[in-house]
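A look at the structure
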Amino acid sequence: MSETPESPQTPQTPRPVTPGTQASFGTYGGRPVSFVRRGTRLQGRRQVAWEEHSDRWAVEVPRHIANTSVHPDYVFDAEAEFGRRAPLIVEIGSGLGDAVCHAAEANPDKDFLAVEVYTPGLANTLIKINGRGLSNVRVVEANAPEVLATMLPAGSVTELWVFFPDPWHKSRHHKRRLIQPAFAELASRAIQPGGIWRIATDWSNYAVHVRDVLAGSPDFENLYEGERSGADSPLTQVWESGVESLVGGAPVKEGRAPVSTEHTGPNEGTDQTGGWAPRFDGRVLTSFEGKAHEAGRLIFDLSYRRR
């Protein structure tokens, strides 16, 4: 069934936040963040969804420094929120909610928390939650490091998912990449011993970055250490094909020359390290991942166990 097109609406009334806004304190005290808020305005069905369903499915958190921050005194009580004790899966950067809602529908015995800073994406997730009659998904508009650092109780997360984070291609922006040593420390705090951290990216440079960061963490072990190396490595295949240099960030359109991103990272010829996981079969093929396939890029999956 087709969805009703969104129509222009009068400007929405801003949702209230507690004292301590971006305007009064600056965004996180000048510290770099891993996201750009590409839009917070809601219109049409998204506005309706937020008005009708946010009280039920969106976790209201007290703010601190910015309107995506979480007050450090707030702690999320999953058992009280979901009305049961069940494994908790947290997706960081849930986008439009395709992956988390698909997984929640397929796993009614598990609870899911979608963490996102893009308000329209959260509204879209609410539409999916309501339309599919899901009771095991909650959304929260919040900065991920704060969610892992203080909002979630230590050891409360069964699985952490980070699928296709912003690659921040330019070298001077690499410090903005979400997965850094400090973020790995926060993840290890939130994930229970034996819990799993699943990561996927469609850019080889970021994939190598993530692999290096987690290799340096004493808290995580690669579930596929040394596997898919050499000729079987997707990294070797990317280097050999040059596909990222040829097609860049979008499919090559007929009659147009391919573009180059120059962000493939060093080409070492053969990836002798490996460590790449098979595609996580619990991750639905989203339109975003589909566009990467259309562009000819390969997908890199990584899976780690909390020691």
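In this report, we go over the structure that sits alongside the text. Remember, it's a predicted structure, so these values are computed and weren't measured experimentally.

Description of the sheet that holds strand 1 (residues 88–92)
The mixed open sheet is built from seven strands, whose spatial order is 3-2-1-4-5-7-6. The sheet terminates laterally at strand 3 (137–141) and strand 6 (220–222), the two strands that pair on one side only. Here the average twist between neighbouring strands, direction ignored, is 20°. The sheet contact formed by strand 6 and strand 7 (residues 300–306) spans three bridges and is antiparallel. Within the sheet, the bridge partner assigned to asparagine 222 lies in strand 7 and is tyrosine 304. Against the sheet, helix 8 (residues 204–215) engages strand 5 (191–201), strand 6 and strand 7, with an angle of about 15° to strand 7.

Things to note about the environment of proline 218
Mapped onto the fold, proline 218 is located in the loop between helix 8 and strand 6. Exposure remark for proline 218: the relative accessible area of 61% places this residue in the exposed category.

Observations regarding the pairing of strand 1
For a regular strand, side-chain orientation follows a simple rule: the groups alternate between the two sheet faces. Burial of strand 1 is extensive: five of the five residues sit out of reach of the surface. Across the two faces of strand 1 the burial is the same, with Leu88, Val90 and Ile92 and Ile89 and Glu91 all buried. One ladder, built from five bridges, connects strand 1 with strand 2 (residues 111–116); its direction is parallel. Residue pairing across strands places isoleucine 92 opposite valine 115, the latter belonging to strand 2.

So, the packing of helix 4 (residues 98–106) against helix 5 (residues 119–132)
For the pair helix 4 and helix 5, the least separation of the axes is 9 Å and the interaxial angle reads 20°. On the basis of their axis angle, the class for helix 4 and helix 5 is roughly parallel. Seen from above, helix 4 lies across helix 5 with right-handed handedness. The residues of helix 5 that touch helix 4, namely those facing Asp98, Val100, Cys101, His102 and Glu105, are Thr125, Lys128, Ile129 and Arg132. Across the contact of helix 4 with helix 5, the residue classes tally to three nonpolar, two polar and four charged.

About the cut-offs
- Residues numbered from 1 in each chain as written.
- Predicted model: local features only at pLDDT ≥ 70, side-chain atom pairs only at ≥ 80, totals over all residues.
- Heavy atoms only, no water.
- Pairing = 2+ DSSP bridges.
- Helix = DSSP H or I, 4+ residues; strand = E, 2+ residues; numbered from the N terminus.
- Axes fitted to C-alpha atoms, helices over the stretch in contact; angles between N-to-C directions.
- Contact = heavy atoms within 4.5 Å.
- Buried < 20%, exposed > 50% of the residue type's maximum accessible area, 1.4 Å probe, protein only.
- Parallel < 35°, antiparallel > 145°, perpendicular 65-115°, else oblique.
- Left-handed = near helix turned anticlockwise from the far one by under 90°.
- Nonpolar A, V, L, I, M, F, W, Y, C, P; charged D, E, K, R; others polar.

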